[in-house]
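Spelled out from the first residue to the last, the chains are:
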Amino acid sequence: MGIFGRKNDSVTTTATAPEAPAAVNPDLAALTGDYTIDPAHSTLGFTARHAMVTNVKGRFTEFTGTLHLDGADPAASTATLDIAMDSIDTGSADRDGHLKSADFFKTEEFPSMTFRSTEAEALGGDDYRITGDLTILGVTKPVTIDLEFNGAAKDPFGNERVGFEGKTEILRSEWGLTWNAALETGGVLVSDKIKLNFDISAIKNA
């Protein structure tokens, strides 16, 4: 079952015959609506290469977001995220403090990171792609996120939920995040490439 829709599989029998409209899948129609991301059951994480030899993982613990899913018109589906940069957590208070400083995120001047979708696309099966504008340090650049639809369910409290997993890679330097330190053995302390990962649970609005 997909969220952003399926390709039209109807066949036109003649060159002049009008193309029959694709029937709306009842499952998709039932999921159409507005959703609020549940931060208690969602994770926004990232991974960076450290000292050229290992990965450091982190996450943001405070964020809000919305989804609008449209089963009849997949291109009308949208997503938004607002992330509190001061909520960064890598498991090290010293490292988190450095990331919040002027060397990196300048959280006092730029307290939030935002994402606003511009396009949604079905890739087949439960795989989708969403493109949008990511703003960090006041710089806005387009990013494309590959998504997998994990399903829909009603929880014990009566909430209608949908779930997605997503991932993408960015070069932090494109957003002005250029701080680094050279290693004696060659290379740098922090990779330019950053992997972003999302595990999203969203509740349908009443």
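If you're wondering where the values come from, they're calculated on a predicted model, not measured in any experiment.

Novice: So what exactly am I meant to see when it comes to the pattern of salt bridges here?
Specialist: Two side chains with opposite charge may pair up if their charged atoms get near one another. Tallying each qualifying case throughout the model produces seven salt bridges. The partner of R161 in a salt bridge is D38, and the shortest N-O contact between them spans 3.0 Å. A residue pair is termed long-range when its members are at least 10 positions apart, and R161 in strand β10 (residues 160-171) and D38 in the loop between β1 (33-37) and β2 (43-50) qualify at 123 residues. D38 carries the same exposure label as R161, and that label is buried. The salt bridge involving R116 is made with D82; its shortest N-O contact spans 3.1 Å. Taken together, the residues R116 in strand β7 (residues 112-124) and D82 in strand β5 (residues 78-84) connect sequence positions 34 residues apart. Here D82 falls in the partly exposed class, since its relative accessible area comes to 27%.

Novice: What is the right way to look at the nonpolar core in this model?
Specialist: The tendency in soluble globular proteins is for nonpolar side chains to be buried side by side. Counting residues in each nonpolar core, the largest one holds 39 residues, and the members touching the most others are L67, F105, L134, I136 and V162. Counting residues per element, this core draws most heavily on strand β11 (residues 190-204), at five residues. Aside from chain neighbours lying at most four places away, what touches I136 is F105, M113, W175 and L177.

Novice: How should unusual backbone geometry be read in this particular structure?
Specialist: Most peptide bonds take the trans form, and the phi angle of most residues other than glycine is negative. For A51, which is not glycine, the phi dihedral falls at a positive 55 degrees. Its place among the elements puts A51 in the loop between β2 and β3 (54-60). Backbone geometry at K106 places phi at a positive 45 degrees, although glycine is not the residue there. In this structure, K106 sits in the loop between α2 (93-100) and β7. By relative accessible area, K106 is classed as partly exposed at 35%.

Novice: Even after reading the chapter, I still don't get a negative patch on the surface, so can you show me in this structure?
Specialist: On the surface, D127, E148, E165 and D199 cluster together to form a negatively charged patch. Locating D199 in the fold gives a position in strand β11. Classification of D199 by relative accessible area gives partly exposed; the value is 37%.

Novice: Whenever I open this one, the environment of E165 confuses me. Can you help?
Specialist: Tracing the backbone through its elements, the reader meets E165 in strand β10. In this structure, the C-alpha to C-alpha distance between E165 and I145, residues 20 residues apart in sequence, is 9.8 Å. Ignoring any residue separated from it by four or fewer positions in sequence, one finds E165 in contact with D146, L147, E148, N150, F198 and D199. Polar side-chain contacts of E165 include one of 3.2 Å to the side chain of N150.

Novice: I'm lost on a nonpolar patch on the surface in this one. Help?
Specialist: A surface patch of nonpolar side chains, amounting to about 280 Å² of accessible area, comprises M52, V53 and V188. Structurally, V188 can be placed in the loop between β10 and β11.

Calculation criteria
Residues numbered from 1 in each chain as written. Predicted model: local features only at pLDDT ≥ 70, side-chain atom pairs only at ≥ 80, totals over all residues. Heavy atoms only, no water. Salt bridge = Lys/Arg side-chain N within 4 Å of Asp/Glu carboxyl O. Helix = DSSP H or I, 4+ residues; strand = E, 2+ residues; numbered from the N terminus. Buried < 20%, exposed > 50% of the residue type's maximum accessible area, 1.4 Å probe, protein only. Core = buried A, V, L, I, M, F, W, Y, C linked by side-chain atoms within 4.5 Å. Contact = heavy atoms within 4.5 Å. Patch = residues over 30% accessible without salt bridge, like charges linked within 9 Å, V, L, I, M, F, W, Y side chains within 5 Å. Areas by Shrake-Rupley, 256 points an atom, 1.4 Å probe, with all protein chains shown as cover. Lys, Arg positive; Asp, Glu negative; His and termini not counted. Charge placed at Lys NZ, Arg CZ, Asp CG, Glu CD. Polar contact = N/O pair within 3.5 Å; in protein donor to acceptor, adjacent residues only side chain to side chain.

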